[in-house]
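Fold and geometry: a report
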Amino acid sequence: MEFTLREYSPSDFDALFEIDRACYPRGIAYSRRMLRWYLSQRSSLCIVAQAAGGAEPAVLGFLVAHAHGAEGYIVTIDVLEAQRRSGIGTALLQETERRLAKMGVRHVGLQTATNNEAGVAFWQRHGYRSSGVTRGYYLGRIDAYEMFKELQPARPATA
Ligand SMILES: CC(C)(COP(=O)(O)OP(=O)(O)OC[C@H]1O[C@@H](n2cnc3c(N)ncnc32)[C@H](O)[C@@H]1OP(=O)(O)O)[C@@H](O)C(=O)NCCC(=O)NCCS
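First, a word on what this report is: a plain description of the structure on this page. (Residues numbered from 1 in each chain as written. Predicted model: local features only at pLDDT ≥ 70, side-chain atom pairs only at ≥ 80, totals over all residues.)

1. Observations regarding the sheet that holds strand S4 (residues 71–79)
Strand order in the open sheet formed by 7 strands is S1-S2-S3-S4-S5-S7-S6, and the pairing between neighbours is mixed. Each edge of the open sheet is held by one strand with a lone partner, namely strand S1 (3–7) and strand S6 (129–138). If you compare each strand with its neighbour and ignore which way they point, the axes differ by 25° on average. Bridging between S1 and strand S2 (residues 44–51) involves 5 bridges; their strand directions are antiparallel. Looking across to S2, one finds that Phe 3 is bridged to Ala 51. Together, strand S3 (59–68) and S4 form the strand contacts of helix H1 (residues 13–23), whose direction differs from that of S3 by roughly 95°. Contacting S2, S3 and S4, helix H2 (residues 32–40) runs over the sheet at an angle of about 110° to S2. (Pairing = 2+ DSSP bridges. Helix = DSSP H or I, 4+ residues; strand = E, 2+ residues; numbered from the N terminus. Axes fitted to C-alpha atoms, helices over the stretch in contact; angles between N-to-C directions. Contact = placed C-beta atoms within 7 Å.)

Right, dumping it as structure tokens:
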């Protein structure tokens, strides 16, 4: 499906919440309160992928990240199952990395479950490397890779 990227707007909240619940097992998916908290931080950045041309469903995926000085953190990336493997995750990540680099972020971190084959393959494909495993990161029983990537500094805009 054709899609475009745009900024998150508060009217997207319910759609994002439902997509997150569909993407992650119970107990790992965010509660409304947690998702609202992540989205409301001053350091938060959220890009939404939307179906082009008024197609349903409107929101196909999203990525939430935080930036603190030179440190960036990917909170979550979620693409509707039926829309996967068509480049939406890549587009969301590339746009986020571009914006983070422009904000001065040099180092991006995230966690992903060691049993999330698609997630691990996706991050590796995009140059993320594991710096170790946190035992029981999810629900006290699912291990997570600590993954990171160094971003190239954003090029100054040419006159
Ligand atoms: C991980 C996720 C965001 C990827 O989104 P996507 O839109 O399918 O990603 P893309 O189409 O841009 O895939 C880019 C590349 O990542 C890798 N990849 C993605 N999904 C994969 C899978 N299921 N198996 C193997 N490699 C995969 C491939 O290299 C792929 O390139 P290719 O399709 O040309 O082979 C999506 O699977 C998802 O939302 N999963 C549920 C939530 C989740 O696990 N998020 C990440 C954990 S933090």
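More follows now that the structure is in view.
2. Some points on the site of the ligand
Taken together, 19 residues lie near the ligand, and Arg 84, Gly 89, Thr 90, Ala 118 and Ala 121 sit nearest. Elements supplying a minimum of two residues to the shell around the ligand: S4, helix H3 (88–102) and helix H4 (117–125). The biggest single contributor to the shell around the ligand is H4, with 6 residues. Across the shell around the ligand, the residue classes tally to 7 nonpolar, 7 polar and 5 charged. (Near = placed C-beta within 6 Å. Nonpolar A, V, L, I, M, F, W, Y, C, P; charged D, E, K, R; others polar.)

3. As for the environment of Cys 46
Tracing the backbone through its elements, the reader meets Cys 46 in strand S2. Each C-alpha atom, one on Cys 46 and one on Glu 7, is 6.2 Å from the other, the two residues being 39 residues apart in sequence. Excluding its chain neighbours within four sequence positions, the residues that come into contact with Cys 46 are Tyr 8, Leu 39, Phe 62, Leu 63 and Val 64.

4. Considering H3
For H3, which comprises 15 residues, the first-to-last C-alpha distance of 21 Å matches the rise-based estimate of 21 Å (1.5 Å per residue) to within 8%. Of the residues flanking the end of H3, it is Gly 104, one or two places downstream, whose phi is positive at about 100°. (Expected span 1.5 Å × (residues − 1).)

5. Digging into the nonpolar core
Of all hydrophobic cores here, the largest spans 30 residues; its most connected members are Cys 46, Ala 49, Phe 62, Leu 63, Ala 65 and Leu 92. Only H1, S2, S3, S4, H3, strand S5 (107–113) and strand S7 (142–150) provide two or more residues apiece to this core. The residues touching Leu 63, leaving out its near neighbours within four places in the chain, are Cys 46, Ile 47, Ile 74, Ile 77, Leu 92, Leu 93 and Thr 96. (Core = buried A, V, L, I, M, F, W, Y, C linked by C-beta atoms within 7 Å. Buried ≥ 20, exposed ≤ 12 C-beta atoms within 10 Å, placed from the backbone.)

6. Concerning the environment of Tyr 38
Within the element layout of this structure, Tyr 38 appears in helix H2. Of the residues examined, Tyr 38 has 17 C-beta atoms within 10 Å and is grouped as partly exposed. The spacing of Tyr 38 and Val 75 is 37 residues in sequence and 7.8 Å in space, taken between C-alpha atoms.

7. Points about the pairing of S4
Taken together, the 8 bridges between S3 and S4 define a ladder with antiparallel strand orientation. Each bridged residue has a counterpart across the sheet, and for Gly 61 the counterpart in S4 is Val 79. What sits between the antiparallel neighbours S3 and S4 is a turn of 2 residues, in which Gly 69 has the positive phi angle 60°. Relative to S5, S4 runs parallel, the two being bridged by 3 bridges. Within S5, the position partnered with Glu 71 by the bridge is His 107. Crossover connection from S4 via H3 to parallel S5: handedness right-handed. (Right-handed = clockwise from strand over helix to strand, strands pointing away.)

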